Amino acid sequence: MSVSNDNLSVNPRLRRTLALVLAGGRGSRLKSLTDWHAKPAVPFAGKFRIIDFALSNCINSGIRRIGVLTQYKAHTLIQHIQRGWGFLRGEFNEFIELLPAQQRTDGENWYKGTADAVFQNLDIIRAHHPEFVLILAGDHVYKMDYGKMLAHHLAEGADVTVACIEVPLADASGFGVMAVDDADNVIRFDEKPAHPQPVPGKPDKALASMGIYIFNAQFLYDQLKIDSDQSDTENDFGKNIIPSLIGRHKVLAHRFQHSCVMHDGAREHYWRDVGTVDAYWEANIDLTTVTPSLNIYDDSWPIWTYQAQLPPAKFVFDSDTRRGMAVDSMVSGGCIISGAVVRRSLLYSNVRVNSYCLVEDSVVLPDCDIGRHARLQKCIVDQGCVIPPGLVAGEDPALDAKRFYRSESGITLITADMLKKLEG
Ligand SMILES: Nc1ncnc2c1ncn2[C@@H]1O[C@H](COP(=O)(O)OP(=O)(O)O[C@H]2O[C@H](CO)[C@@H](O)[C@H](O)[C@H]2O)[C@@H](O)[C@H]1O
């Protein structure tokens, strides 16, 4: 790959890049966790929201003109962006702008596919006069230097560059799957194929699109117009736009390993869709391990967020029968662990764990109160839950499945609504 490491040549182009973060999808596989939030606003890693990773990547990469396209249950997302991401200075032509679906085009439609979400905002996008448009999803957790991807796009003179990563063949039908030539030009692209093609020489891997695209701006405008004039289109980048370009324009594949921001000793190129209950639990719990796959303590690539000012976490009582402690765990601000034991767990802000509780291998979202003598194993407790004293979850699969949502791999999701039904 001929990527220039000369950031000086890329920097002015980054300033002429507009990032558009697609944040409108529902993410229904997260079950009740997306009842109140769009997936990009779902809390992650104790104090962040999922969208903070894509937005922080933009800022760390030097892209400071960003639009966030919202639609589904956008209230908490909009609030988060307004409270936490208002620090860019319009006077320097820097901004994060919210672009809600507002039926701006003649058809009075909400955003249809991802391409339609961009098309409906074309007048706003054009008014910023970008040279390049970087299109991102707001629902993945990863650290990536988009500057390196832009350098590759420029060096190869591409019309559009698609970021890609090798995934297990068994999972590949959930992605756009591509084939490339020796110079990493995309020669085939199948969106969510039933029978994905493996990477040549690697029968158990497929090359998947990450849903991250850099377009030359005018080229993007032209393609969106062509797509919007079609009748048999779902107005989607993965389903329609990208496949329509193959063989007619220069579509370049950019491999994630060339722009992934790694830390010493990292085991993988971390890019996670935390979009199922199991994946969400696993990615959160991984952060409590001694050397997690994702380093959120790296001050050379900080992840920014909004969080209310809260008092420090507090641990009280120290007798043998009643000791307030948490080990192999992350405990956020505002938490009080009072005479209870927490192991291998992640507690978000303002969680109270009361005396004689045992919380193990669990993810507890903000503002929960866990009553005395409760025992939780391998649970996700949704925001604002009041766990009644003595409740036991995670020990009897049949009972859990009856009262709560139990995932295939045995994670119990508990929500306030489910608890209300128990009372009644
Ligand atoms: N109507 C709408 N308005 C605004 N935002 C919307 C939207 N519909 C979805 N979004 C947002 O756009 C992003 C992509 O959502 P998609 O549902 O298109 O992703 P999908 O995973 O199916 O495929 C895509 O992403 C995977 C990688 O995850 C690729 O492999 C695949 O080719 C590609 O199509 C998400 O952040 C979502 O929130």
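Treat the numbers as computed from the prediction; the structure is a model and nothing was measured. Per-chain numbering applies: the sequence of each chain, read as written, is numbered from 1 onward. Only residues with pLDDT of 70 or above have their local features reported here, since the model is predicted, and side-chain atom pairs are shown and tallied only from 80 upward, although totals for entire chains, interfaces and linings are computed over all residues. Only heavy atoms go into the side-chain values, all of them from the structure, while hydrogens and water stay out.

Colleague: Where do I start with the UniProt feature "binding site: alpha-D-glucose 1-phosphate" (unreviewed entry) in the chain in this structure?
Modeller: Per the UniProt annotation, the sites labelled "binding site: alpha-D-glucose 1-phosphate" (unreviewed entry) are Tyr111, Gly176, Glu191, Lys192 and Ser209. Within the element layout of this structure, Glu191 appears in strand S10 (residues 186–191). Non-local contacts of Glu191, meaning those with residues more than four positions away in its chain, are made with Phe175, Gly176, Gly238 and Lys239. Helix and strand definitions here come from DSSP, where helices need a minimum of 4 consecutive H or I residues and strands a minimum of 2 consecutive E residues; each element is numbered from the N-terminal end. Counting through the fold element by element, Lys192 comes out in the loop between S10 and strand S11 (205–216). UniProt positions are given in the numbering used here, feature names are shortened, and annotations may be inferred rather than shown by experiment. Here, residues are in contact when the closest pair of their heavy atoms is within 4.5 Å.

Colleague: Looking at this structure, how should I read the domain arrangement of the chain?
Modeller: Note that the domain bounds were set by an automatic or database domain assignment. Taken domain by domain, the chain consists of domain 1 (5–288) and domain 2 (314–423). Computed over C-alpha atoms only, the centres of domain 1 and domain 2 are separated by 35 Å. Each side of the interface is counted separately: domain 1 has 18 residues, and domain 2 has 27 residues. Together domain 1 and domain 2 conceal approximately 1,700 Å² of surface at their shared face, both sides included; 69% is due to carbon and sulfur atoms. Area buried by domain 1 at its contact with domain 2 is led by Gly46, Trp281 and Thr288, which between them contribute 33% of it. Within this document, salt bridges are pairs made up of a side-chain nitrogen of Lys or Arg and a carboxyl oxygen of Asp or Glu, the two lying within 4 Å of each other. Counting across the domain 1 and domain 2 interface gives 0 salt bridges. A 3.5 Å cut-off defines polar contacts: any pair of N or O atoms within that distance qualifies, except that in protein one atom must be a possible hydrogen donor and the other a possible acceptor, and neighbouring residues in sequence count only when both atoms are side-chain atoms. The interface formed by domain 1 and domain 2 includes 7 residue pairs in polar contact (both at pLDDT 80 or more). Listed by contribution, the elements that provide at least two residues to the side of domain 1 that touches domain 2 are strand S2 (43–44) and helix H9 (277–286). The leading source of residues in the side of domain 1 that touches domain 2 is H9, at 6 residues. Under the grouping applied here, Gly and all other residues not named as nonpolar or charged are polar, the nonpolar ones being Ala, Val, Leu, Ile, Met, Phe, Trp, Tyr, Cys and Pro and the charged ones Asp, Glu, Lys and Arg. Along the lines of polarity and charge, the residues of the side of domain 1 that touches domain 2 split into 10 nonpolar, 5 polar and 3 charged. A simple way to read buried area is as the amount of 1.4 Å-probe accessible surface that goes missing from two parts once joined, with both sides added.

Colleague: What is the right way to look at empty space enclosed by the protein in this model?
Modeller: Rolling a probe over the atoms, with the probe sized like a water molecule, indicates the empty space that remains. Using a 1 Å grid laid over the protein atoms alone, points where a 1.4 Å probe fits but cannot get out form a cavity; open sets with protein on both sides within 12 Å along at least 5 of 7 lines form a pocket; any residue with an atom within 4 Å of a point counts as lining. Grid points are joined across faces, edges and corners, and a volume is the space filled by probe spheres set on the points. Per the counting criterion, the structure on display carries 2 cavities of 30 Å³ or more. Put simply, the largest cavity is a space of about 50 Å³. Every residue along the wall of the largest cavity is listed here: Lys143, Cys260, Val261, Met262, His263, Ala266, Glu268, Tyr270, Ser293, Leu294 and Asn295. In this structure, the second largest cavity occupies an estimated 30 Å³ of space. Lining the second largest cavity, in full, are Ala115, Asp116, Phe119, Leu224, Asp227, Ser228 and Asn235. Its residues placed into classes, the lining of the second largest cavity shows 3 nonpolar, 2 polar and 2 charged.

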